[in-house]
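Summary of structural features
The chain contents come next:
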Amino acid sequence: MILSVGEVTQDIFLNDEEGRFEIKVGGAPFNLAAALKKLGAKAGFYGCVGGDGFGGEIRRKAESFGLDFLKLDTEQKTNTPTVLIRSRKDDVEFTSFVKKTSDKYLKYSSVKDVVKNCDIIHFGSLMFADAAGRRFAYKTIRRAREHGCRVSFDANMRDGVFPSIEKTRAVYFELFRSVDFIKFSESEICRLFDTNDCETAVAKMSEYQKIFFVTFGKNGSLWCKNGTVKKVGAISVDCMDPTGAGDAFFAGVLSQLCGKREISDSDLDYAVRCGNVCGALTTLSRGTCDAVPSRQEVEKYLK
């Protein structure tokens, strides 16, 4: 099983073209878990909601995805994290309201037992902006290592989450030493390594000797392993909403790498092809979890 851990959010979508709001369950780690399940993988999620009314609604919606494991704690004195998402055709803007919210109150006791039954444990980024969240994560990572579980991380870089880019770099550069798989968008890896040249950023990241992935939207993605870099093209689609495409991409990748003790270059090629298809098909409709394609839909493009 792949266990995704981190924020589950109330996502408020503002569509500029139609001038209306939609409210959905979201958060990158939950999006990934929901996508994994839809792709036919065994998937679980652990997170925490607030004691507000939104927390109860998110719990109800989360249960409808039929995950193999779902644990949502409630922190009564906090609010559920909320993200305002403004979509403009092939561009998307995020405004996060995540200060002193429930995602900072994750409990090791809630995942201690399930981690030993996982092949991969995946972490979202928001918890690492908080000292308590980092303590939880590192304790969970140590538990995962004890049971031969690999660790993945989405190096998301939302404005307003960390106090500064310098703090983001310090936290992430330390964390990279403890994980196996890492995902970036092109803008994220360039910003993290303070360069406008993606090749330079990829070269710097390769020094950590991890398997990592960089997405380029409609231009596909790349994988890097032990200094070897391979770009993989995307399929062409008419994008309606890019929200959640990166989460769907990483779900497609991890669904193919789960259970493999040795990962070859051909394994990475196929996994990234799968990820590219998942990301592209997700852009065909609005939303995140609801827009993810099924395994059957993805397989049509992989034959």
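All of these numbers come straight from a predicted model, not from anything done at the bench. (Residues numbered from 1 in each chain as written. Predicted model: local features only at pLDDT ≥ 70, side-chain atom pairs only at ≥ 80, totals over all residues. Heavy atoms only, no water.)

Details of unusual backbone geometry
Put simply, the test is: Helix and strand definitions here come from DSSP, where helices need a minimum of 4 consecutive H or I residues and strands a minimum of 2 consecutive E residues; each element is numbered from the N-terminal end. Whether a residue is buried, partly exposed or exposed follows from its accessible area with a 1.4 Å probe, protein chains only, as a fraction of its type maximum: under 20%, in between, or over 50%, in that order.
Its identity as a non-glycine residue notwithstanding, Q209 has a phi of 55 degrees, on the positive side. Positionally, Q209 belongs in the loop between α7 (198-206) and β11 (211-215). Judged by its relative accessible area of 61%, Q209 is exposed. One non-glycine residue with positive phi stands out, namely N226, at about 50 degrees.

Comments concerning a positive patch on the surface
Put simply, the test is: Excluding any residue in a salt bridge, patches collect residues exceeding 30% relative accessible area, merging like charges within 9 Å and nonpolar Val, Leu, Ile, Met, Phe, Trp and Tyr side chains within 5 Å. Here the open area of atoms and residues is found with the Shrake-Rupley method and a 1.4 Å probe, where only the protein chains shown may cover a residue. The salt bridge definition used is simple: a Lys or Arg side-chain nitrogen within 4 Å of an Asp or Glu carboxyl oxygen. Residues scored as positive are Lys and Arg, those scored as negative are Asp and Glu, and His as well as the terminal groups of each chain are ignored. Note that the charge is assigned to NZ on lysines, CZ on arginines, CG on aspartates and CD on glutamates.
A cluster of basic residues, K112, K116, K139 and R142, forms a positive patch on the protein surface. Position of R142 among the secondary structure elements: in helix α4 (residues 131-146).

Observations regarding the sheet that holds strand β12 (residues 221-225)
Our working definition: Two strands form a pair only when DSSP identifies at least two bridges running between them. Between N-to-C directions, angles cover 0 to 180 degrees, with each direction set by a line fitted to C-alpha atoms, over the stretch in contact for helices. We call two residues contacting when some pair of their heavy atoms lies within 4.5 Å.
Judged by pairing direction, the sheet is mixed, and its nine strands sit side by side in the order β5-β4-β1-β8-β9-β10-β11-β12-β13 without closing on themselves. Of all strands in the sheet, those bounded by a partner on one side alone are β5 (69-75) and β13 (228-232). Ignoring strand direction, the axes of neighbouring strands in this sheet form an average angle of 15 degrees. Across the sheet, α4 is in contact with β1 (2-5), β4 (43-50), β8 (120-123) and β9 (150-154); its angle to β8 comes to roughly 170 degrees.

Some words on the nonpolar core
Side chains of a nonpolar character, in soluble globular proteins, are inclined to be buried together. So the rule is basically this: What is meant by a nonpolar core is a set of buried Ala, Val, Leu, Ile, Met, Phe, Trp, Tyr and Cys residues, joined one to another through side-chain atoms within 4.5 Å.
With 50 residues, the main nonpolar core has F123, F136, F153, F184 and I189 as its most contacted residues. With near-sequence residues (within four places) excluded, F136 lies in contact with V5, Y46, L106, K107, Y108, V111, F123 and M127.

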